Structure formats: C-alpha cells, structure tokens
Amino acid sequence: MPEGTVAGAGAEARRKVEEGLRALYAWAARVKPGAVSAAVRRREALTLVDDLSAMVAAAAEPEVRAIQALIAKRAGRGEASVLARGLPQADRVGVAFANGTAANWCELDAGFRRAMCHAHLYVVPAVSAEAEATGKTLGDVIRACLIGYEVVARFARAFRWDHVVVHPHAYFSPVGAAAGVAALRGYDAESFASAVNAAATYAQCGPFDHATKGVLVENSWAGTGAELGLRAADLAACGAGGSYSAPFTVYADALGARVEPGALTDGLGAVWEIESGYHKLHSCCQYAHATVDALLGMLPKLPRPLDPDRIRAIEVATFEMAQHLEAVEPPTTLSARFSIPHAAAATLVYGHAGPEAFGAASLRRNDVAALRRKVNLSVLEPPMPPPNDRPSAVTVTFTDGDQVLGECLSARGGPDKPFSEDEILAKVAALADPTFPGFGKVARRIVTGGTELDRKPYRAVLAMLTGAQARAKPKAKARPAAKPKATAKAAPKAKVKAKARAKPAAKPRAKPKARPAAKKAPTRKAANSRRAKPARSGGRRAAARGKGRR
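Residues numbered from 1 in each chain as written. Predicted model: local features only at pLDDT ≥ 70, side-chain atom pairs only at ≥ 80, totals over all residues. Heavy atoms only, no water.

## So, the sheet that holds strand β10 (residues 403–408)
Definition in use: Two strands pair under a simple rule: DSSP has to find at least two bridges between them. Put simply, DSSP marks the helices as runs of H or I at least four residues long and the strands as runs of E at least two long, and each gets a number from the N terminus on. Axes here refer to lines fitted to C-alpha atoms; in helices the fit is confined to the stretch in contact. Angles between the N-to-C directions go from 0 to 180 degrees. By definition in these notes, contact holds between two residues if any of their heavy atoms fall within 4.5 Å.
Strand order in the open sheet formed by four strands is β8-β7-β9-β10, with mixed pairing between adjacent strands. In this open sheet, the two strands that pair with only one neighbour each are β8 (375–379) and β10. Strand-to-strand twist across the sheet, computed as the mean angle between neighbouring axes with direction ignored, equals 15°. Bridging between strand β7 (residues 311–318) and β8 involves five bridges; their strand directions are parallel. Bridging across to β8, glutamate 315 finds its partner in asparagine 376. Along the sheet face, helix α12 (residues 289–298) touches β7, β9 (392–398) and β10 and points at about 45° away from the line of β9.

Set out below in structure tokens:
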C-alpha cells in the first residue's frame, strides 16, 4: 500500500480528508489569471482544443446524432452550441450533456496518467456551455478548466480502488464539472466547497464492465456528470450545497476506496496536474495503446497487404489491468475500443488505429474478425513501475513458423513520451475540419498565439473555430436598433416639425364641406391621446408625413 494511504473508513482518515479538501477549495478560489504561467496556459489550451475536436469527431456516429437531435428538439432557451454540423442551440445544461456525451465517444479525448480518470473530459463540457451562455472570455475558460482539472485529478489520486467495479467517468465527472463551473463563476472558498461537495453526492454507479461489453450508456456518463455538476453549482448559489463529509462518505464508505489524503494538497500551487496528462492519437482505450504502438513498429517487417490465412497466432503479453480488454467479438464500437484483440487486428489491417479502425464498418470486416480470433492475451511479468507500468510485448507467428516481435514499454502521448504540439494540432484539424473547415487553423492560433485571443468572448472564439457568425444575445441585438431613437438632435427636430405641420392639417376639418372627411379623422380627444403617446414614435410619423408633402 502506498505511503500515506489509509485503508477503509475511520475518524482519523475522515479528518485528514476534510482538512485536505478545505485547503484545496481555498486554493482553488484564490487562483488568479496571472498565476498561470505561459507554459501551463499553453498546455491547457492544447488540451482544450484537443477535447473540443474529440467532441466534433463523434458527429458522424448515429447514436450521437440522435442524442443531439433530441436535445435540440427539447431545448429550452438557446444559449449555447452543440458542437455538430449546423451548431444546434439549446440551454446550457442540455448542451453540456450533449457535448460531454460526444467528447469521449471515439476515445480520443485526453487522459490523466497519475490516476484512473479523464480529468479534462469531466470539466470542459460544463465550462464550455456555461461560458458561452454567460459571455465569459476564452481566458476565463482556460483558467476555470485548469482549476477544475486540478481539483478532480486530486480527487482521483486521493480515492483509489485496487479492483475497479465502477467506472471513473461515472463517479468523478460531476465533481470536475462542478469545480470548473464554480471557478468560472468566481465562487469564494465556501461556495466552491458547497458546489463540489454536493457534486460528490451525485456520483453515478456506472459499471466498469459496460465499456468492455460495449453497453453504449457508458458513453453518456461524462455528459450526465456535466449536467449534474452544473446543477450542483446552481444549488450552492441557492444555499443548498453539500457537506465536507460527503466525498469521504461517498467514495470511501459507500464505494470502498482506499484514501490517500496527502494527494489533495501535495505540491498544490507549485505544480499543475495537467502537466501529467496524456493525449491520444489512437481511437481506443489507453490500456491498448502500447500494443498498438508495438504493432505499428512491426508493420515495416510484415507483408502488405496482410493475408490473415498466413498468420497462425498473435500473442500479446501486457499488464494485469489490460487483461479485461479481451472481447474477441465486440458487439459495438465502444466494445471494439475496449478490446485488445480488435485493436491489434484493426491496426494490422488498416495500418493505423484511428477512428476508422474502430468504426461500425470495422466490426463487419472478415479479415479483421479472422485476426481477432488469433489474438491471445497473457500477463507480462514482472510488473514494472511508472511510466513503464502499461507495457506490451507482441509476437506475430506465421503458418510457416516465422515470427515478428515487437515491444512497447510505454505508449506515446504521456509526459515521458509526449507528442509534439504539431502532432496534436494535426490530429485536431483531421478530426474537426471535415465538419468545420478552418477549425484546425484557429485552434493553432489559440495554442501558439499566446494570450492574443484570451480577452475575446468565448462565444466569439467558438464562432471562429466553427466558421459561424458570432450570434449575439437577444439583448445585444436590441441595442443597435435603439441607437436611432437615442440620437440627440433628431427627436427634438421631429417634434417641432410635427407640431408645425399638424396645425395646418387641422383647419380643413373646421369647414362644413369637410365634415364627411372629418368622420374618418381622429377626434380632438383621440388626437390628444395620440399626443400623449411617446413623443419619439409620434414625432417620426409626423416627420414622415411632412417629408411626403415636400
């Protein structure tokens, strides 16, 4: 058991956790925009555009399109954008759910290497929707996402499970969403605590095996968490938030986590957890990435095109946790992304592990299916410490006895073997440009342009990314129309002209011959009531009549 770990429940463990939470929330409420270094800001901006592109990447999935259509149909006030073709508008809670569900559908969102969670996934959908709805800036979003990431990543480090039964997307996503929204709204320490502690009570009991079985509700847990986190932040503002005892009671007492209280505060303010994050180029669970990397390194040694009939076996020796990724006949695209047999077979056939290699068509290919049945999983001994704790060794044996071997101790994308910014930005463009041409170019500006765009409204930045015209709020649209009314000199002149020309018009009504026409004209009482109306509108009509007579 790691140093500082406290097993099971107990008064001392609870006290240490609550102390750590108080310090964490107080720090989160104090973080100012200037406290973020240029390097950390750049890392967050890169992760932000990466996850936004992951949302867009799911636009072609039929289930995602159906969910987005449902949200748009039932939408309340249109205050934020679903990141799909046409940018459907809905209320922020519906948008947070839709974008959160899409964000991890293709398993291309960023992850966190020090604990089992996708911290950024839990923060961005809610913060993005809230910022767009409330007129916050890109800089506000970057700061809020960093703080939300820090809080939920430390939750994931402080509460751990040796045998995972519940998926972290289910039990941590409300916490990340609430922390991000609380930071965006500028909550003080107690309000911040009230929101995040309440969110902990919204933990969902989503079974971990739903991913490997391909049960598609798993893809919605981050979306549901975004919705719940927003609600928790709202409740805190209403004085109906949570208690400091809640996180320990939920995660340790109810869900059986062992706790590491020190993880809540160690290095707080000196290091940022986002620097321990990883990015993905492979559209599958990160537990399969070392196997994919090993196979990609072997491809030059393998015949192309590959004939499945010539292969006798594909032996994959990998770490203990990855043994759960064993589905040979994955029923859905989700299950395929959590299947090492499919990841290995698809990589050999497609020559890559991008979204196409895990799409619906890949499940129907006979050559992929034939190779899946030849994959054998085993545990690679002995276990190794991080960053080599998720290794893979692959052996491809042909029917004639020849063998090709490959090995990867640590998949690319993590802090020890990071992708370059250019590689991630190329991925962002590849995922998003087919739906929103130019997305990748603007994403590069966001990342490499420093704080150039940080003062712009986030809504405007999204409009730049998606190529849409910035949609102003209804109030903002009304202001330009009101300007002519407020022009200082036009209204008084119009009143003078109206009075000057109204008097001559009244004389014909006094002549006897004009009486039939006078019936149609307004009575003196009506005329007086008209003059009682706002002078600007009456003045404009009179001025218009005067111009007509000229």
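Read on for the rest.
## What about the environment of valine 442?
Formally: With a 1.4 Å probe rolled over the protein chains alone, any residue whose accessible area is under 20% of its type maximum counts as buried; one over 50% counts as exposed, and the rest are partly exposed.
With respect to the element layout, valine 442 can be found in helix α18 (residues 439–448). Judged by its relative accessible area of 10%, valine 442 falls in the buried class. As for valine 442 and valine 461, which are separated by 19 residues in sequence, their C-alpha atoms are 8.5 Å apart. If sequence neighbours within four positions are ignored, valine 442 has contacts with Met464 and Leu465.

## Quick word on the pattern of salt bridges
Spelled out, the test is: One side-chain nitrogen of Lys or Arg within 4 Å of one carboxyl oxygen of Asp or Glu is enough to make a salt bridge.
As enumerated under the stated definition, the model contains 29 salt bridges in all. One salt bridge in this structure joins lysine 427 and aspartate 50, with 2.7 Å as the shortest N-O distance. Of the two residues, lysine 427 sits in helix α17 (residues 421–432) while aspartate 50 sits in helix α2 (residues 38–57), which places them 377 residues apart along the sequence. A single burial state applies to lysine 427 and to aspartate 50, both of which are buried. Residue aspartate 422 pairs with arginine 444 through a salt bridge whose shortest N-O separation is 3.0 Å. Of this pair, aspartate 422 sits in helix α17 while arginine 444 sits in helix α18, and the two are 22 residues apart along the sequence. Take aspartate 422: its relative accessible area is 49%, and that puts it in the partly exposed class. What you see here is one network of salt bridges that share partners, running through Arg77, Glu79, Arg92, Glu130, Arg185 and Asp234.

## With respect to the confidence of the model for the protein chain
Here is the rule we go by: pLDDT is a per-residue confidence score from the predictor, ranging from 0 to 100.
Scored by pLDDT, the protein chain comes out at a mean of 87, with 83% of its residues at no less than 70. Contacts for the low-pLDDT stretch residues 1–8, under 50 throughout, to residues beyond four places or in other chains number 17 contacts. Contacts for the low-pLDDT stretch residues 470–550, under 50 throughout, to residues beyond four places or in other chains number 29 contacts.

## Details of helix α6 (residues 138–158)
Quick note on the threshold: By this rule, a helix spans an expected 1.5 Å times one less than how many residues it contains.
For α6, with 21 residues, the first-to-last C-alpha span of 30 Å sits near the 30 Å given by 1.5 Å per residue. Summarising burial for α6: 19 of the 21 residues are buried, a large majority.

## Notes on the packing of α18 against helix α19 (residues 458–466)
Operational definition: To sort the angles, those under 35 degrees are grouped as roughly parallel, those over 145 as roughly antiparallel, those from 65 to 115 as roughly perpendicular, and the leftovers as oblique. Three residue categories are used. Nonpolar comprises Ala, Val, Leu, Ile, Met, Phe, Trp, Tyr, Cys and Pro, charged comprises Asp, Glu, Lys and Arg, and polar comprises the others, including Gly.
At a minimum axis separation of 7 Å, α18 and α19 run at an interaxial angle of 140°. Viewed along their axes, α18 and α19 adopt a mutual orientation that is oblique. Here α18 contributes Phe439, Val442, Ala443, Arg445 and Ile446 to the contact with α19, which in turn contributes Val461, Met464 and Leu465. Class assignment for the residues of the contact of α18 with α19 results in seven nonpolar, no polar and one charged.

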